[in-house]
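# Coordinate analysis (summary)
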Amino acid sequence: LAKANDYKLVVTTLLEAQPLATLYKDDKIILVIGNEARGVSPSILTIADLKLKITMSNKIESLNAGIAASIIMHHHYSLKH
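What counts as what
Residues numbered from 1 in each chain as written. Predicted model: local features only at pLDDT ≥ 70, side-chain atom pairs only at ≥ 80, totals over all residues. Heavy atoms only, no water. 1 Å grid on protein atoms, 1.4 Å probe; cavity = no way out; pocket = protein on both sides within 12 Å on 5 of 7 lines; lining within 4 Å. Points joined across faces, edges and corners; volume = space filled by probe spheres on them. Helix = DSSP H or I, 4+ residues; strand = E, 2+ residues; numbered from the N terminus. Polar contact = N/O pair within 3.5 Å; in protein donor to acceptor, adjacent residues only side chain to side chain. Contact = heavy atoms within 4.5 Å. Salt bridge = Lys/Arg side-chain N within 4 Å of Asp/Glu carboxyl O. Buried < 20%, exposed > 50% of the residue type's maximum accessible area, 1.4 Å probe, protein only.

### Quick notes on the layout of surface pockets
Its boundaries defined by the atoms lining it, the largest pocket holds a volume of some 560 Å³. Taken together, 23 residues make up the lining of the largest pocket; nearest its centre are Thr 12, Thr 13, Leu 14, Ser 62 and Leu 63. Only strand 4 (50–53) and helix 2 (65–78) provide two or more residues apiece to the lining of the largest pocket. Residue contributions to the lining of the largest pocket peak at 3 residues, all from helix 2.

Given below as C-alpha cells:
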C-alpha cells in the first residue's frame, strides 16, 4: 500500500549503501533504522528502495540508532527543492 502511494522504503545499513545526500526532499519515505548490534533485518533490506549510510569520521565507532534517525530526519526535512 505504501509503495502504491509513492513512498520509498529507506533503510540504514553500511552494506551497499548510498550517502545521505542521495535522499531528496520530494521523496515520501518510510524510514527503518536498525539497532546497533544487528542492524536492519535481511528481509527488510531485500525490499528496500534506498539503502542509506551516514558518512562519518573514522574516529567515530558508531551512532546510536536514535541519533542516526534524527540526523536523517533533519536532513530530509531541511532540504531545499
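### A closer look at the side chain of His 76
In this structure, His 76 sits in helix 2. At 3.3 Å, the side chain of His 76 forms a polar contact with the backbone oxygen of Tyr 24. Here the side chain of His 76 touches Asp 27 through a polar contact of 2.8 Å, landing on its backbone oxygen. If we skip the residues at most four places from it in the chain, His 76 touches Leu 23, Tyr 24, Lys 25, Asp 27 and Ile 29.

### Some words on the pattern of salt bridges
All told, the structure shown has 2 salt bridges when counted by the stated rule. When the shortest N-O distance is used, the salt bridge between Lys 8 and Asp 27 registers 3.3 Å. Here Lys 8 is found in strand 1 (residues 7–12), whereas its partner Asp 27 is found in the loop between strand 2 (18–19) and strand 3 (28–32), with 19 residues between them in sequence. Overall, Lys 8 belongs to the partly exposed group, its relative accessible area being 33%. Lys 51 is paired through a salt bridge with Glu 16; the nearest N and O atoms lie 3.9 Å apart. Within this pair, whereas Lys 51 is found in strand 4, its partner Glu 16 is found in the loop between strand 1 and strand 2, the two being separated by 35 residues in sequence. Among the residues examined, Glu 16 registers a relative accessible area of 70% and is labelled exposed.

Spatial relationships are all this shows, so hold off on functional conclusions.
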